[in-house]
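Letter by letter, the chains look like this.
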Amino acid sequence: MPPFPSGLLVLTAPLPALPRRAAGLVAAAAGLVAGPLYVHLQPGLRLGGPAGPGPAAPPAGPALLRTLAALYEAAAARQGLDLRVLLDPGRRLARPPRVLLAAAAEAPGPPEPVQLGLQRLAAAVYGCPPSLPALLLGEDTGGGDPQGDPEQDPGATLPEFLDVAVGGTFDRLHGAHRLLLSACCLLARRRLLAGVADGDLLRHKVLPELIEPYELRAAKLREFLEDVKPSLSYDIVPLADPFGPSITDPHLQCLVVSEETRQGGEAVNRKRLENGLPELALHEIQLLKDPDHRQNEEEKISSSSLRQRLLGTLLQPPRRDPALPSRPYVIGLTGGTGSGKTSIAKLLGHLGAFVIDADKLGHAVYVPGGPAYERVVAAFGAEILNEDGMINRKVLGAKVFGNQERLKSLTDIVWPEIARMARAQIQEADAQGTEECPRSAGKAVCVLDAAVLLEAGWEDMVHEVWTAIIPEEEAVRRIVARDGLSEEAARRRLQSQMTNRQRVERAQVVLCTLWEPDVTRQQVDAAYGDNGLDSALFMENARKGSIVSRANSIGSTSASSVPNTDDEDSDYHQEPYKESYKDRRRRAHTQAEQKRRDAIKKGYDDLQAIVPTCEQQDFSIGSQKLSKAIVLQKTIDYIQFLHKEKKKQEEEVSTLRKDVMALKIMKVNYEQIVKAHQDNPNEGKDQVSDEVKFNVFQGIMDSLFQSFNASISVTSFQELSACVFSWIEEHCKPQTLRDVVIGVLHQVKSQLY
């Protein structure tokens, strides 16, 4: 039976019983429905009985949330399943169901009354035609009590808010998104404000080039929400910053967050307080775990993991061009500077593809006697030539860089010649090996490795475009390390090229070399061997007994698709053992795993060498080694100790700086006194005796000592040093000292006269 384009699954069991049955129910329904699978929850409804009361949504409580989490987590394990649990039944659906489903375990007895009840319910509630096919599903309940967990409180409810807000990327709407949005719908009574990240907020996401356009994400989001709970009002807005309208909308009452985004919710509340608005209630939803997460993927269900799984898969169908020969099958490999395109081409060569290096062809067209040599020299002058007559490509590049008109003149000369040479090599690949072994039809797959494949319009030469992408920061790092350029020069080079997103839009397969080489190899292996090509492209060859599918043509290493080598020229020749693809992959995986373990061991060994407390103190234990947990704990303790020591040193430095500042002030005052005396060496000479001067000095010191004695504590040196500076700042100001001196002079004057 072919799958139906959409379906409606009606579940009538008590909510506490559904989580443990979710996986079996979803698995049974997933094989029947290719499009949206709607779920109608109505505990206690008897489908086989007389027409009962109208549709009633289950109470919005923890039991319903657990059921939603179980259903959406089960759907996540079914790739491509579009599950939508309806929270407000009674409206027409965006994509009307084409089949009605119910669990046979929930409807004992003859199937006909149950099927009739399904049709009656779908017609009355969702306006479906009364003659829709109705099927009963069997599922593996996994045992357990069909009534569910008795410890759950079925009467518990969730809080309600008029207006609720939520934010996210919402790329390729997955189970975790659907649970988050469903929770928002349960909490909201009037409006849901959904902010969808866009623009600069996407720059640092994993594989941002594969994120769906904002318009598509917003449309999918609206369709899902209006299906799930059509009674709410939905405001879907783009987010250009992390806050959006959540910090300015006075009507919002609640913000729904996950464990990862709770800190962002707290930041929203701080901004609202700054804007004079009340804080939002933060309602946290748990993340859904992804049991199938792969290497370098997150443990939770996430859009990032889904985008990583697109690498090496066929994103759009191959080109259908009657003028393009079906053999050899040509892959156009492209990518920006630093993208790892060359390493991918080498991997494809190891898998048996015939690789054409367009850059080498480009060098060939420039050599003296080459097809473009004379025209390039005529167009750009003899100054581009070296003494030996060779074209200096750096000089030529400087002439055309930044000048679009000159660049076009050059490419109009060079690109057609490279394309002609590439076509000749493709024909050579097809004919390769026919003289030595007439049974062989040559190479089945040819890879055209060309950085300018798309710019030059060479797509008409290939069946598929494969593009290698890499984040700009990583590309800059690679260019700087490889070519010795500055970061600025590396960025200019990248900006002069087509962007990753532009390449992705025109590619059938996308690859990324950001991670370990083994991850890149897995992507290439998947793209080369595991994706089925459109067999119509090979029908003619299939009738001749050659390649019959993309899996055969790209992934096979059998004698029918790989040309014989010199020592394989006889059917009766005993072939030496050749390592298979799976063996190579297993060996590479083992090597990578050993490398990872060695790196971890080295890290722990280095920690033990660096952290003094990790050194063995008790030599009686012999060669026993510290456990990793102890090493980590001791490292953490040592880091905390270093942090405290650093803080202590910073405080001591601050105290010394204050001492230096006080000494500088005293030095400046003294220098001013000395300078004044030097400027007037004879002023007052023979007018005041030394005794009077001493009395004045003694009076000043006595006055300062009185204030010093009253202000300074000498209990400890720390208190003394702390008080000295405050005393200096308060009693040694120029105006204060001037008043002290004037007072002393008045006292001495009264004593003398």
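What you are looking at is a predicted structure, and each value in this text was computed from that prediction instead of being measured.

Draft legend 1. Representation of the side chain of D227 within the structure. Mapped onto the secondary structure, D227 falls in helix α5 (residues 214–228). Under the relative-accessibility criterion, D227 is labelled buried at 5%. Separated by 2.9 Å, the side chain of D227 and the backbone nitrogen of A94 make a polar contact. Residues contacting D227, with those up to four places away along its chain left out, are Y38, R84, L86, L93 and A94.

Draft legend 2. Expanded view of the sheet that holds strand β6 (residues 161–168). Taken in spatial order, the five strands line up as β8-β7-β6-β9-β10 in an open sheet, and their pairing is parallel. The two strands at the open ends of the sheet, each matched to only one other strand, are β8 (233–239) and β10 (281–285). This sheet shows a mean twist of 25° between the axes of neighbouring strands, independent of strand direction. Running at roughly 160° to β8, α5 makes contact with β7 (188–197) and β8 of the sheet.

Draft legend 3. Unusual backbone geometry, seen in detail. Following R327, the chain continues into P328 via a peptide bond in cis, with omega recorded as 0°. Assignment of secondary structure puts P328 in the loop between α7 (303–310) and β11 (329–335). Here R172, not a glycine, exhibits a phi torsion of approximately 50°, which is positive. Looking at R172, the relative accessible area reads 25%, which means it is partly exposed.

Draft legend 4. Representation of the pattern of salt bridges in the model. For the structure on display, the rule yields 43 salt bridges. Between D163 and R190 there is a salt bridge; the shortest N-O distance is 3.0 Å. Here D163, found in strand β6, pairs with R190, found in strand β7; they are 27 residues apart in sequence, far enough to count as distant. On the basis of relative accessible area, D163 is assigned to the buried category, the value being 2%. Owing to a relative accessible area of 41%, R190 belongs among the partly exposed residues under this scheme. For D679, the salt bridge goes to K675, with nearest N and O atoms at 3.2 Å. Remark: K675 and D679 occur in helix α20 (residues 628–679); sequence separation between them is four residues, near one turn of the helix. Each member of the salt-bridge network shares a partner with another, and the members are D82, R84, R95, R178, E223 and D227.

Draft legend 5. Region of interest: the packing of aromatic side chains. Scanning all chains against the criterion turns up two aromatic pairs. Ring geometry for Y638 and F641: centres 6.3 Å apart, planes at 25°, overall stacked. Of this pair, Y638 and F641 both sit in helix α20, three residues apart, which is roughly one turn of that helix. Plain terms: the ring middles of F708 and W727 are 5.1 Å apart, the flat faces sit at 85° to each other, and that makes the pair edge-to-face. Of this pair, F708 sits in helix α21 (residues 690–711) while W727 sits in helix α22 (residues 717–731), and the two are 19 residues apart along the sequence. Relative accessible area serves as the criterion here: at 26%, F708 is assigned to the partly exposed category.

Draft legend 6. Fine view of the side chain of S182. Summarising the element assignment, S182 is placed in helix α4 (residues 175–187). Beyond its immediate chain neighbours, meaning those up to four positions away, S182 contacts L68, Y72, L87 and F224.

Draft legend 7. Quick peek at helix α6 (residues 262–274). Its 13 residues give α6 an end-to-end C-alpha distance of 19 Å, which sits within 8% of 18 Å, the value for a rise of 1.5 Å per residue. Residues of α6 that are buried include every one of G265, A267, V268, N269 and R272, and no others. Just downstream of α6 lies G276, where phi reads positive at about 75°.

Draft legend 8. The arrangement of the environment of I356 in detail. You can see I356 is positioned in strand β12 (residues 354–357). For I356 and D449, which are 93 residues apart along the polypeptide, the C-alpha to C-alpha distance reads 5.8 Å. When residues no more than four places from it in sequence are discounted, the contact partners of I356 are L361, A422, Q425, I426, C446, V447, L448 and D449.

Draft legend 9. Highlighting the sheet that holds strand β3 (residues 82–86). Spatial strand order, β3-β2-β1-β4-β5: five strands in an open sheet with parallel pairing. The outermost strands of the open sheet, each flanked by one partner alone, are β3 and β5 (134–137). Within the sheet, the average angular offset between the axes of one strand and its neighbour, ignoring direction, is 25°. As judged from the five bridges shared by strand β2 (residues 36–41) and β3, these two strands associate in the parallel manner. Along β3, the bridge assignment pairs Y38 with R84. Across the face of the sheet, helix α1 (residues 22–30) comes into contact with β1 (7–11), β2, β4 (100–103) and β5 while running at roughly 140° to β5.

Reading the values: the criteria
- Residues numbered from 1 in each chain as written.
- Predicted model: local features only at pLDDT ≥ 70, side-chain atom pairs only at ≥ 80, totals over all residues.
- Heavy atoms only, no water.
- Helix = DSSP H or I, 4+ residues; strand = E, 2+ residues; numbered from the N terminus.
- Buried < 20%, exposed > 50% of the residue type's maximum accessible area, 1.4 Å probe, protein only.
- Polar contact = N/O pair within 3.5 Å; in protein donor to acceptor, adjacent residues only side chain to side chain.
- Contact = heavy atoms within 4.5 Å.
- Pairing = 2+ DSSP bridges.
- Axes fitted to C-alpha atoms, helices over the stretch in contact; angles between N-to-C directions.
- Salt bridge = Lys/Arg side-chain N within 4 Å of Asp/Glu carboxyl O.
- Phe/Tyr/Trp six-rings, centres within 6.5 Å; stacked < 30°, edge-to-face > 60°.
- Expected span 1.5 Å × (residues − 1).

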